[in-house]
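Structural description and commentary
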There are 2 protein chains.
Amino acid sequence: MATMPFNPPPPSSGRITLREVARALGVSVATVSNAYNRPDQLSASLRERVLETARTLGYGGPDPLASSLRRGRTGVIGVVFDAPLEYAFADPAAAQFLGSLAQALQGASLNLLLLASPGDGQADPLAPVRGASVDGLIVYSAAQNSELLRAVLSRGLPTVLVDQPALGDQPGLADQDRAARVGIDDAGGAAHAAQHLLELGHTQIGVLCLELGPRQGGGRVAPGRERQVSYHPTAERLRGYRETVAAGGADQPGHVRLHLTEAERNTLNDGETCALELLRAEPQITALLCMSDVLACGGLRAAQTLGWAVPERLSVIGYDDSPGSADLNLTTVWQPTSDKGRRVGEAMLTLMGGERRADVRLPTRLVVRGSTAKLRRLAL
Amino acid sequence: MATMPFNPPPPSSGRITLREVARALGVSVATVSNAYNRPDQLSASLRERVLETARTLGYGGPDPLASSLRRGRTGVIGVVFDAPLEYAFADPAAAQFLGSLAQALQGASLNLLLLASPGDGQADPLAPVRGASVDGLIVYSAAQNSELLRAVLSRGLPTVLVDQPALGDQPGLADQDRAARVGIDDAGGAAHAAQHLLELGHTQIGVLCLELGPRQGGGRVAPGRERQVSYHPTAERLRGYRETVAAGGADQPGHVRLHLTEAERNTLNDGETCALELLRAEPQITALLCMSDVLACGGLRAAQTLGWAVPERLSVIGYDDSPGSADLNLTTVWQPTSDKGRRVGEAMLTLMGGERRADVRLPTRLVVRGSTAKLRRLAL
DNA sequence: TGCCAGCTCTAAAACGATTCAGATTCTCCG
DNA sequence: CGGAGAATCTGAATCGTTTTAGAGCTGGCA
């Protein structure tokens, strides 16, 4: 039989509904609905007739929206970003996380809806979160104690917070049974990275920070701002660096100095710009602690631009160990990104199953590669 | 005023509806609805009372699902992948595409729903596409003439096909006014890559192919299979390689030989495995044409494992020019990935606006970096 | 024959909103 | 003072399903 051109829905009418199929056959709508959802509720022959009629009428099956409304379940989980997706995805680690998360949810027939705050438009940044038809929400990045976070919680849906402090630790918020938390040992990983540099003898260390807070400018970090970091991973990693330096400073007191700068966004370009500016201003720096591999990669570029050899002139450490970093020979702090995605998915399923929340904290560890080396005396 | 602990939805009752808010105030449901959606339809004072009552009752605003049903609009666009998302996201180019697509749609208050076919589970792979509540669908990767594609089209929604052949060119399908197409000059880009290698004098060229068809095995490509490539970009790029070699063969007839192998998935690991196998089996190969940067990166790893210097012993060319490739010094075929995302978004908006489809085809070009060099006689 | 069980199928009530077409009341002006 | 027109609010229909409770019928078994 020759293949016929695939016919788009119906001839052209408005939109066929279950009711019309039922009417065409002279059966009740319940029967048609059952033909699709509960085949055991009607005779095989009638079911076949229903499906056949539906086909000729161009009915594509029950409307998912109406179905969801009636059933009280959408089969969709929202993932909330507080940054424009354009930048959120610039980080391979984010992509990897999302991939494994999606994978974990797929087993339960759940799909992911990406919810990002509109960049700079005048649209309400909370509208997506407020108006999303979802069965649950996952907060991937949000400033602590933010309006965004409150909007999420006010939905009263099963919620998983990724890399967030405990709700109880945020002023004005209270822990909730339906809001689980999955995170990593941010500070510990940062501490390992800093320790590594100290052991290599570095004392003038640049720090490429992730954003400290939403919609700030980036650039050198004045001492005052360091107390008001509203992104949890940034705060924790910074704490890890600081505390290690303070502790290591016991041996060589006053010697180690951290030079902080903030990237406006977690992107290659911002990392490069930022690093370039810092290294030009403080050429005594011999090592760079970066809060993400993406930023570290920007740092490597900056070094190349300046003609500083890595690791001879400048040591660079990243954070995340994202997929491509091994190829760049980058020393970095590994975190179980895929695992994290999976655990977040599992936490969501657990919550949706009605269980109380159970928080998860995953380990990090240092991966030493070729971008770090012992300090050599500078010929300044 | 001291910040009070944020109170989760209501005390605890089931779920508050618009009707209950209306009843509590003794007004009609229409009024409450208007308080949220059409402030100009009631007095400011009443509106304030409505919102206030809603707050104390713990009503979080109109249910998005019910609202969507009534309005006939969900504010969601589905993106269809035919591969598990876990792998789809392994490609930075895919992530970049998605990011710019999301960005483009955000202007119209549209969010993205990720629809992937369940990996290997027994679940119906078409269920996500059939059952998604969306206003439009974007097909990111699908085998031509596949069931998946037909399922998408049968929804009768505005549809944008990315990197797909014209529907009319697929057996059994017909072009549709509501299905636009955005793609790149796949074959042209591939031709440039191949031409480059020919000019450098290479005659024994390995080709790392993207998947030829869904759920095949990967590995060396027998001559027969080359005719049955069901992924459009794969087919086109292969054609570009082949035709260039055939044309260039005019000068040095019979000399140039392409050794084809297929990666099971577009991932670093599969690329590496695949390249390793090929290079070990055919050590006379001096150059590698890869259909993606991810695969090329796998190729670079394989070369390193074998101790083959790049580009001295082995030239490597990628495809996409994804974000990290410059740092790997990879010669590659650039494609306007971000632009593509934006154009897809625009096409969707156009379609949703009721206009007929308008297809777009974007250019590609070769970016020569350090991973390719003139052929040196091998000391085999 | 009588009765219970098991199939099929149906009627009608949700699900939670939006919106059109009035019904009131208010305002303003000639 | 009368009436047009604006401002404000309401009733009821509708969006397209799912699902519960039960009606009719058939057949088996005592």
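So, how was this worked out
Residues numbered from 1 in each chain as written. Chains lettered and ligands numbered in written order. Predicted model: local features only at pLDDT ≥ 70, side-chain atom pairs only at ≥ 80, totals over all residues. Heavy atoms only, no water. Near = heavy atom within 4 Å. Polar contact = N/O pair within 3.5 Å; in protein donor to acceptor, adjacent residues only side chain to side chain. Helix = DSSP H or I, 4+ residues; strand = E, 2+ residues; numbered from the N terminus. Nonpolar A, V, L, I, M, F, W, Y, C, P; charged D, E, K, R; others polar. Buried < 20%, exposed > 50% of the residue type's maximum accessible area, 1.4 Å probe, protein only. Pairing = 2+ DSSP bridges. Right-handed = clockwise from strand over helix to strand, strands pointing away. Domains from an automatic or database assignment. Expected span 1.5 Å × (residues − 1). Contact = heavy atoms within 4.5 Å. Least-squares fit on C-alpha atoms with pLDDT ≥ 70 in both. Buried area = accessible area lost by both parts, 1.4 Å probe. Salt bridge = Lys/Arg side-chain N within 4 Å of Asp/Glu carboxyl O.

Taken together, 27 residues lie near DNA strand C, and Thr31 of chain A together with Leu18, Ser33, Asp63 and Arg70 of chain B sit nearest. Among all atoms of DNA strand C positioned within 4 Å of the protein, those belonging to sugar or phosphate total 67%. Within the backbone of serine 43 of chain A, a nitrogen or oxygen atom sits 2.8 Å from a phosphate oxygen of DNA strand C. Among the elements of the structure, helix H2 (29-37) and helix H4 (64-71) of chain A together with helix H2 (29-37) and helix H4 (64-71) of chain B are those that each provide at least two residues to the surface near DNA strand C. Looking at the surface near DNA strand C, the element that brings in the most residues is H4 of chain B, giving five residues. Here the surface near DNA strand C is composed, by residue class, of eleven nonpolar, eleven polar and five charged.

On to the pairing of strand E10 (residues 315-320) of chain A. All names here are of chain A. Within E10, six of the six residues are buried, which leaves it mostly tucked inside the rest of the structure. As judged from the three bridges shared by strand E9 (residues 287-290) and E10, these two strands associate in the parallel manner. Bridge pairing links alanine 287 to serine 315 in E10. Each parallel crossover has a hand, and the one from E9 via helix H12 (residues 293-306) to E10 is right-handed.

This part covers the domain arrangement of chain A. Looking at chain A, the domain boundaries give domain 1 (18-62), domain 2 (74-183 + 338-361) and domain 3 (186-335). A separation of 38 Å is found between the C-alpha centroids of domain 1 of chain A and domain 2 of chain A.

Inspection of the region around DNA strand D gives 26 residues, with Leu18, Ser33 and Arg70 of chain A together with Thr31 and Arg70 of chain B positioned closest. At the protein interface, 70% of the atoms of DNA strand D within 4 Å belong to sugar or phosphate. Side-chain polar atom of tyrosine 59 of chain A to a phosphate oxygen of DNA strand D: 2.9 Å apart, as the coordinates give it. Aspartate 63 of chain A places a main-chain nitrogen or oxygen 3.1 Å from a phosphate oxygen of DNA strand D. For the surface near DNA strand D, the per-class residue count stands at ten nonpolar, eleven polar and five charged.

Residues and elements named next belong to chain B. Along its 17 residues, helix H10 (residues 232-248) runs 24 Å from first to last C-alpha, staying within 8% of the 24 Å computed at 1.5 Å per residue. The complete set of buried residues in H10 reads His232, Pro233, Thr234, Glu236, Arg237, Leu238, Gly240, Tyr241, Thr244, Val245 and Gly248. Residues of H10 that are buried make contact with strand E5 (179-184), helix H9 (186-199), strand E6 (204-209), strand E8 (257-262), strand E9 (287-290) and strand E10 (315-320).

Let us look at the relation of the copies chain A and chain B. Expressed as a screw operation, the relation of chain A to chain B combines 0.0 Å of axial shift with a rotation of 180°, fitting to an RMSD of 0.0 Å. Seen this way, the second copy is the image of the first under a two-fold rotation axis. In terms of C-alpha distance to the rotation axis, chain A has leucine 113 of chain A as its closest residue, with the C-alpha 2.1 Å off the axis. The residues that chain A uses at the interface reappear at the interface of chain B in 98% of cases, marking a shared surface.

Another aspect to go through is the pairing of E9 of chain A. Residues and elements named next belong to chain A. On E9, burial covers both faces: Ala287 and Leu289 on one face and Leu288 and Cys290 on the other are all buried. As judged from the four bridges shared by strand E6 (residues 204-209) and E9, these two strands associate in the parallel manner. Note that in E9 the partner of valine 207 across the bridge is leucine 289.

With that settled, the discussion passes to the interface of chain A and chain B. Taken together, the 56 residues of chain A in the interface contact 55 residues of chain B. Across the chain A/chain B interface, buried area totals approximately 4400 Å², and carbon plus sulfur atoms make up 63% of it. Counting across the chain A and chain B interface gives two salt bridges. Two residues, arginine 301 of chain A and aspartate 327 of chain B, come together in a salt bridge whose shortest N-O distance is 2.8 Å. Taken together, the links from chain A to chain B amount to ten residue pairs in polar contact (both at pLDDT 80 or more). Broken down by secondary-structure element, the contributors of at least two residues to the side of chain A that touches chain B are H4, helix H5 (85-88), helix H6 (92-106), strand E2 (111-116), helix H7 (127-131), helix H8 (147-154) and H12 of chain A. Per-class residue counts for the side of chain A that touches chain B are 32 nonpolar, 17 polar and seven charged. Bridge count between E2 of chain A and strand E2 (residues 111-116) of chain B: three bridges; the pairing is antiparallel. Looking across to E2 of chain B, one finds that leucine 114 of chain A is bridged to leucine 112 of chain B.

Quick look at unusual backbone geometry now. Following valine 310 of chain A, the chain continues into proline 311 of chain A via a peptide bond in cis, with omega recorded as 10°. You can see proline 311 of chain A is positioned in the loop between H12 and E10. With a phi angle near 55°, aspartate 321 of chain A is a residue other than glycine that sits in the positive phi range. Structurally, aspartate 321 of chain A is set in the loop between E10 and strand E11 (331-334). A positive phi is found at aspartate 320 of chain B, a non-glycine position, where the angle reads about 125°. For aspartate 320 of chain B, the location among the structural elements is in strand E10.

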